[in-house]
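As a plain string of letters, each chain reads:
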Amino acid sequence: MRLFLGSDFHVDYQQNLDWLRALSRADFTDDVLIVAGDLSDRLDLVKSCFDEIVPRYKKLLFLPGNHDLWTSRSGKGPSFDKFETLNTLCHGYGIETGPLAVGQTLIVPLLAWYDYSFGEPGPSIRRGWMDFYKCNWQGLTPPDVAARFDAMNVIPETSGFNAVYSVSHFVPRLDLMPVRYPEKHKALFPVLGTERLEAQIRRLGSSKHFYGHSHLNRNKLIDGVTYINNAFGYPSETEISAKTILHVADL
Ligand SMILES: [Fe+2]
Ligand SMILES: [Fe+2]
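A quick note: this is a predicted structure, and the numbers were derived from the prediction, not measured. As a convention, each chain's residues are numbered from 1 in the sequence order in which they are written. Chains carry letters from A onward and ligands carry numbers from 1 onward, assigned in written order. The predicted nature of this model means local features are confined to residues of pLDDT at least 70 and side-chain atom pairs, given and counted, to a pLDDT of 80 or more, with totals for whole chains, interfaces and linings taken over all residues. As a convention, hydrogens and water are excluded, and side-chain values are obtained from all of the structure's heavy atoms.

So, the environment of Asp 68
Only DSSP runs of H or I reaching four residues or more are called helices, and only runs of E reaching two or more are called strands; each is numbered from the N terminus. Note that Asp 68 resides in the loop between strand E3 (59-62) and helix H3 (79-93). When accessible area is computed with a 1.4 Å probe and restricted to protein chains, residues below 20% of their type maximum are described as buried, those above 50% as exposed, and intermediate ones as partly exposed. Judged by its relative accessible area of 0%, Asp 68 is buried. Along the primary structure Asp 68 and Asp 144 are separated by 76 residues, whereas in three dimensions their C-alpha atoms are 19 Å apart. Those residues in contact with Asp 68 that sit more than four places away from it in its chain are Gly 37, Asp 38, Leu 39, Ser 40, Asp 41, Val 46, Phe 62, Lys 82 and Leu 86. Among the polar contacts made by the side chain of Asp 68, one reaches the main-chain amide nitrogen of Leu 39 at a distance of 2.8 Å. Residues adjacent in sequence count toward polar contacts only when both atoms are side-chain atoms; beyond that, a polar contact is any pair of N or O atoms within 3.5 Å, and within protein one must be able to donate a hydrogen and the other to accept it. A distance of 3.0 Å separates a polar atom in the side chain of Asp 68 from the backbone nitrogen of Ser 40. In this description, contact between two residues means that some pair of their heavy atoms is separated by no more than 4.5 Å.

Structure (structure tokens):
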């Protein structure tokens, strides 16, 4: 059995959904797929993704990204309610949203939000970052939201497993971003992730951590943990994302 990783399919772009629809229906039926968030803010499109992916894999593990929690096009209700709606939807499909044990391997999803531990956002981000308009956190600040998601994470008992892997949508440490990065993109660093994730990864004793959100594919070993980003990304992002579902481990 193999473990595959994908994230950030952003199927609002028809060609991204078409790519998912063209995936083999025969090659992955004994495999596990992690989808690390950002399918779409539209629930009907999230369902379309699940309709495509679920029959192709033995098991799917999903955790939402920031785009999935936008509510501006779905009644403008609280984003925490949208989170619960997504969880309920997943359970209806038999999709795992909590820790998943497969043989001797434990895969642990870590919920998060950015909390400005990577830096304070500048005026351009405060003005233009879409989450600030598209999510409804009922007056909570991003650090408040991060604390709420952090508190939802269950750090399970890991003894007895040969391998522990973890998954987040958000970036767990800023040094996963290249030092040489265009200044205009560096403005995004404050909304990329949180140091809380790194603390949880180390507490878990995870040897591989899978993440998305930055749309910048990475495979980097830092202090015994291999960090892998295999975001699919927007159609225009051909140089930073491989546009594939990646085989990341054997189970
Ligand atoms: Fe994304
Ligand atoms: Fe994202």
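What to know about the UniProt feature "domain: Calcineurin-like phosphoesterase" (unreviewed entry) in the protein
The positions UniProt marks with the feature "domain: Calcineurin-like phosphoesterase" (unreviewed entry) are residues 3-83. Between the first and last C-alpha atoms of residues 3-83 the distance is 25 Å; the span itself is 30% helix and 15% strand. UniProt positions are given in the numbering used here, feature names are shortened, and annotations may be inferred rather than shown by experiment.

Examining the coordination of the iron ion (ligand 1)
Here a donor is an N, O or S atom found within 2.8 Å of the metal, or within 3.2 Å if the metal is Na, K or Ca; sites may look incomplete because water is not among the atoms. Coordination of the iron ion (ligand 1) by the protein is provided by Asp 8 (OD), His 10 (NE2), Asp 38 (OD) and His 215 (NE2), with metal-donor distances spanning 2.0 to 2.2 Å. What the four donor atoms of the iron ion (ligand 1) show is an angle range of 89 to 171° at the metal, which sorts the shape as irregular. Here the donor residues of the iron ion (ligand 1) are spaced in sequence according to D-x1-H-x27-D-x176-H. In this structure, the iron ion (ligand 1) is positioned 3.5 Å from the iron ion (ligand 2), and both are ligated by Asp 38. Highlighted residues: Asp 8 in the loop between strand E1 (2-6) and helix H1 (14-21) and His 215 in the loop between strand E7 (208-211) and strand E8 (218-222), separated in sequence by 207 residues. Geometry is assigned from donor-metal-donor angles: four donors are tetrahedral when every angle falls between 85 and 135 degrees, four are square planar and six octahedral when opposite donors sit over 155 degrees apart with all other angles between 65 and 115, and any other arrangement is irregular.

Observations regarding the pattern of salt bridges
A side-chain nitrogen of Lys or Arg and a carboxyl oxygen of Asp or Glu constitute a salt bridge if their distance falls within 4 Å. Here the structure, examined in full by the defined rule, presents 15 salt bridges. When the shortest N-O distance is used, the salt bridge between Asp 30 and Lys 58 registers 3.7 Å. Placement of the pair is Asp 30 in the loop between H1 and strand E2 (32-35) and Lys 58 in the loop between helix H2 (43-53) and E3, with a sequence separation of 28 residues. Arg 173 is the partner of Glu 198 in a salt bridge, and the nearest nitrogen-oxygen pair spans 2.8 Å. Here the residue Glu 198 occupies a position in helix H8 (residues 195-204), and Arg 173 occupies one in the loop between strand E6 (163-167) and helix H7 (183-186), the gap between them amounting to 25 residues. Pair check on accessibility: Glu 198 and Arg 173 agree, each one buried. Taken together, the shared-partner salt bridges connect Arg 21, Arg 25, Glu 52 and Arg 56 into one network.

Things to note about the side chain of Thr 105
Assignment of secondary structure puts Thr 105 in strand E5 (residues 105-109). If sequence neighbours within four positions are ignored, Thr 105 has contacts with Leu 100, Phe 161, Ala 163, Tyr 165 and Leu 251.

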